[in-house]
Amino acid sequence: MSHDETAFLDALRAAAGAQAVLTDAPDVAPFCTDWRRRYTGSAIAVAQPASTDETARIVQACAHHGVAIVPQGGNTGLVGGATPAPGARAIVLSTRRMNRIRAVDPVNDCITVEAGCTLRAVQDAAQARGRLFPLRLASEGSCTIGGNLATNAGGTEVLRYGNARELTLGIEAVLAGGRVWNGLRALRKDNSGYDCKQWLIGSEGTLGIITAASLKLFPAPRAQLVALVALPDIDAALALLAQARSQAGPALTAFELLSEPAVELVSRASPDRRRPFPAPHPWLALLEWTDHESDEHAAAGLERLCAAAIEAGTAHDAVIARTLADCADLWHLRESVPEAQARAGGNVKHDISLPLEAWAPFLAETGSGLAALQRGLQVFAFGHLGDGNLHYNVGTVPGTPPQVAFDLEREINDIVFGAVERHHGSVAAEHGVGQLRRELVARVKAPQEIEWMRAIKTALDPDALFNPGKVL
Ligand SMILES: Cc1cc2nc3c(=O)[nH]c(=O)nc-3n(C[C@H](O)[C@H](O)[C@H](O)COP(=O)(O)OP(=O)(O)OC[C@H]3O[C@@H](n4cnc5c(N)ncnc54)[C@H](O)[C@@H]3O)c2cc1C
């Protein structure tokens with residue numbers, strides 16, 4: 001170890017205490033690989049501050065020694081954003097020890113939490129006070145609020161409550177040089193100039209470290225039931241969405257879509273679970289109805305909706321879950337897809353959004369493009385159709401090794417992203433850019449937007465020490 005490195009590690013230990021600094025290779029390694037095991041890097045150390053002050057002192061030490069900082073929360077990101085580069089002169093700054101709920105304010109309907117709180121801990125703290133924090137992701141037991149804000153996470157309730165950006169009232173952060181910015185004003189109106197917290201939301205750790213946030217709460221609903229609707233094609237799914245929106249209004253809190261190959265993948269991964277319908281259907285839509293009346297009222301709403309869809313010929317079949325256990329079962333089907341994909345050997349992922357009317361031509365164009373490229377490819381499409389966002393993942397049919405798709409990744413991406421561009425969509429709908437989509441940002445953002453992003457990066461992080469190699 002060089003003299004410089006020894007001096008730097010001493011400074012880190014002085015900043016946060018020796019117990020907060022990991023340097024042994026087996027301790028550091030899990031922080032240097034991402035959830036999908038697609039990226040592996042290295043770090044001089046992992047620093048685990050327990051407070052904003054400790055974070056500030058760590059950032060000061062890094063600035064003094066010119067060491068880069070890769071912020072990391074739950075490490076559930078899907079684009080390699082929290083993984084350092086191989087051979088990087090960097091530390092991973094893990095926020096997991098900053099996990100206190102600072103305050104719940106039922107009058108202003110807000111909660112103030114530290115960045116390392118898991119999303120589930122925040123949901124639970126809200127629920128304990130009769131409130132709802134409506135951000136919901138399949139990774140909620142592990143992902144953190146800091147990571148959710150840094151990626152502007154979406155999830156299943158965006159349709160009704162918006163994504164992380166819309167749920168944030170204020171932010172506290174440690175910025176370049178270790179300056180602490182206390183922007184935890186929980187105001188619902190504040191037009192006193194630029195809204196600086198928005199720069200950090202969705203910045204993926206490239207502008208500073210979010211240490212705490214004030215978040216919006218909502219009244220806890222009395223009833224939340226789901227229905228699963230079998231559909232013949234994507235046009236029927238869009239017709240059902242339009243019908244559900246006009247019939248349910250704000251009671252429609254989620255509208256998720258699953259293609260048959262995605263359902264089949266989950267069935268293969270959990271053979272003990274029975275399929276929701278005896279026969280396969282090209283698409284299944286999962287609708288969630290949330291209201292402040294009663295289970296009976298919610299069930300009646302879903303019944304009317306499903307009956308009208310079947311009568312109109314939009315839907316082939318429907319099941320309504322009337323108990324918590326049945327609802328959890330249907331949600332499990334939807335939320336198990338990422339895990340089932342990983343177990344099946346992975347696939348070439350695309351987290352894309354399109355204007356709703358573009359989905360039918362997009363699926364037709366990319367379907368024929370992929371069929372012409374290679375036999376044995378299969379699309380596992382699923383996700384948040386209500387927000388115009390599907391995960392359009394390209395793998396292989398059973399019996400064809402997943403590597404066949406990975407070997408064609410560039411050609412597959414050309415087909416998919418070419419169609420996204422033609423239909424004016426986004427190549428990074430909710431998972432962010434990280435390392436995976438960095439080269440693609442210029443395809444969907446105007447040159448002026450890239451210039452503004454660079455100007456903000458230079459202004460907030462002049463020495464480029466926050467999460468180098470990500471986003472820009
Ligand atoms: C099974 C599964 C399902 C998922 N479903 C969804 C979904 O429905 N919708 C969705 O949007 N995402 C989803 N994700 C992706 C992921 O869970 C989210 O991106 C989540 O917000 C990441 O949180 P994290 O704490 O794990 O962040 P990490 O993975 O640790 O980090 C993600 C990014 O945020 C930065 N970062 C982390 N903490 C901070 C901080 N305190 N300050 C500044 N920067 C920080 C990192 O540097 C990195 O760039 C899913 C992931 C999995 C594994």
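Because the structure is a prediction, the values reported are computed rather than measured. (Residues numbered from 1 in each chain as written. Predicted model: local features only at pLDDT ≥ 70, side-chain atom pairs only at ≥ 80, totals over all residues.)

## Re the overall build of the protein chain
Scanning the protein chain from N- to C-terminus turns up 17 helices and 18 strands. Relative to the 2.2 N^0.38 estimate, which gives 23 Å for 472 residues, the radius of gyration of the protein chain is 23 Å and therefore close to what a compact globule would have. The dimensions of the protein chain, computed from C-alpha atoms along their principal axes, are 75 × 55 × 45 Å. When the 472 residues of the protein chain are sorted by exposure, 49% land in the buried category. In the protein chain, the share of contacts with a sequence separation of at least 24, taken over all contacts with a separation of at least 6, comes to 73%. (Helix = DSSP H or I, 4+ residues; strand = E, 2+ residues; numbered from the N terminus. Rg over C-alpha atoms; globule rule 2.2 N^0.38 Å. Buried ≥ 20, exposed ≤ 12 C-beta atoms within 10 Å, placed from the backbone. Contact = placed C-beta atoms within 7 Å.)

## Looking at the pairing of strand β3 (residues 68–72)
Here β3 lies mainly inside the structure; five of its five residues are buried. Burial along β3 is two-sided: Ala68, Val70 and Gln72 facing one way and Ile69 and Pro71 facing the other are all buried.

## Notes on the domain arrangement of the protein chain
Partitioning the protein chain into structural domains gives domain 1 (3–94), domain 2 (101–219), domain 3 (223–338) and domain 4 (345–431). Here the C-alpha centroids of domain 1 and domain 2 sit 23 Å apart. Taken together, the contact between domain 1 and domain 2 spans 15 residues of the former and 22 residues of the latter. Taken together, the elements giving at least two residues each to the side of domain 1 that touches domain 2 come down to α3 (52–65) and β3. The element best represented in the side of domain 1 that touches domain 2 is α3, accounting for seven residues. Its residues assigned to classes, the side of domain 1 that touches domain 2 shows six nonpolar, eight polar and one charged. (Domains from an automatic or database assignment. Nonpolar A, V, L, I, M, F, W, Y, C, P; charged D, E, K, R; others polar.)

## Considerations on the sheet that holds strand β4 (residues 90–94)
What the four strands build is an open sheet, ordered β1-β2-β4-β3; its pairing is mixed. Edge positions in the sheet fall to β1 (21–22) and β3, since each has one partner strand and no second. Pairing of β1 with strand β2 (residues 45–47), which is carried by two bridges, proceeds in the antiparallel orientation. Bridging across to β2, valine 21 finds its partner in alanine 47. (Pairing = 2+ DSSP bridges.)

## A few points about the packing of helix α8 (residues 234–248) against helix α13 (residues 359–373)
Angle between the axes and distance between the axes: these two values describe a pair of packed helices. Between α8 and α13, the shortest axis-to-axis distance is 9 Å and the interhelical angle comes to 160°. Overall, the two elements α8 and α13 adopt an arrangement that is roughly antiparallel. Here α8 and α13 pass one another in a crossing that is right-handed. On α13, the residues touching Ile234, Asp235 and Leu238 of α8 are Trp359, Ala360 and Leu363. (Axes fitted to C-alpha atoms, helices over the stretch in contact; angles between N-to-C directions. Parallel < 35°, antiparallel > 145°, perpendicular 65-115°, else oblique. Left-handed = near helix turned anticlockwise from the far one by under 90°.)

## Side note on the nonpolar core
Counting residues in each nonpolar core, the largest one holds 74 residues, and the members touching the most others are Val229, Leu231, Ala237, Leu240, Leu284, Ala285 and Leu287. When near neighbours in sequence (up to four residues on either side) are disregarded, leucine 231 contacts Ala236, Ala237, Leu240, His281, Pro282, Trp283, Leu284, Ala285, Ala315 and His316. Core analysis: the next-biggest nonpolar cluster, separate from the first, contains 63 residues, Leu12, Ala115, Leu167 and Ala212 among them. (Core = buried A, V, L, I, M, F, W, Y, C linked by C-beta atoms within 7 Å.)

## Observations concerning the sheet that holds strand β8 (residues 168–174)
In spatial order, the strands read β5-β6-β10-β8-β9; together these five strands make up an open sheet with antiparallel pairing. In this open sheet, the two strands that pair with only one neighbour each are β5 (101–105) and β9 (180–183). Each strand of the sheet is rotated relative to its neighbour by a mean of 10°, with strand direction disregarded. Lying on the sheet, helix α4 (residues 119–128) is in contact with β5 and β6 (110–114); it crosses β6 at an angle near 145°.

## With respect to the site of the ligand
Lining the immediate environment of the ligand, one finds 37 residues, of which Gly73, Gly81, Gly146, Gly147 and Gly205 sit closest. Mapped by element, the contributors of at least two residues to the shell around the ligand are β3, α5 (145–150) and β10 (209–216). Tallying contributions element by element places α5 first for the shell around the ligand, with four residues. If you count residues domain by domain, the shell around the ligand takes at least three from each of domain 1 (3–94) and domain 2 (101–219). (Near = placed C-beta within 6 Å.)

## Focus: α4
Two residues of an α-helix separated by three or four positions point the same way, owing to the 3.6 residues in each turn. Burial in α4 covers these residues: Leu119, Val122 and Ala126. The buried residues of α4 all sit within an arc of 65° when viewed along its axis, so they share a single face. Those residues of α4 that are buried are in contact with β6, β7 (131–132) and α5. In the segment just after α4, glycine 130 is the residue with positive phi, at about 75°. (Arc of directions from axis to C-beta.)

## So, the environment of leucine 284
As for its placement among the helices and strands, leucine 284 is situated in strand β14 (residues 283–291). Placed 77 residues apart in sequence, leucine 284 and leucine 207 show a C-alpha to C-alpha distance of 40 Å.

## Focus: the pairing of strand β17 (residues 377–384)
For β17, a buried count of seven out of eight residues is recorded, marking the element as mostly surrounded by other parts of the structure. Judged from the two bridges that link them, strand β13 (residues 252–259) and β17 form a sheet pairing that is antiparallel. Bridge pairing links leucine 257 to glycine 383 in β17. Bridge count for β17 against strand β18 (residues 389–396) is eight bridges, and the pairing is antiparallel. Each bridged residue has a counterpart across the sheet, and for histidine 384 the counterpart in β18 is asparagine 389. Counting the residues in the hairpin turn of β17 and β18 gives four residues, including glycine 388, whose phi is positive at 70°.

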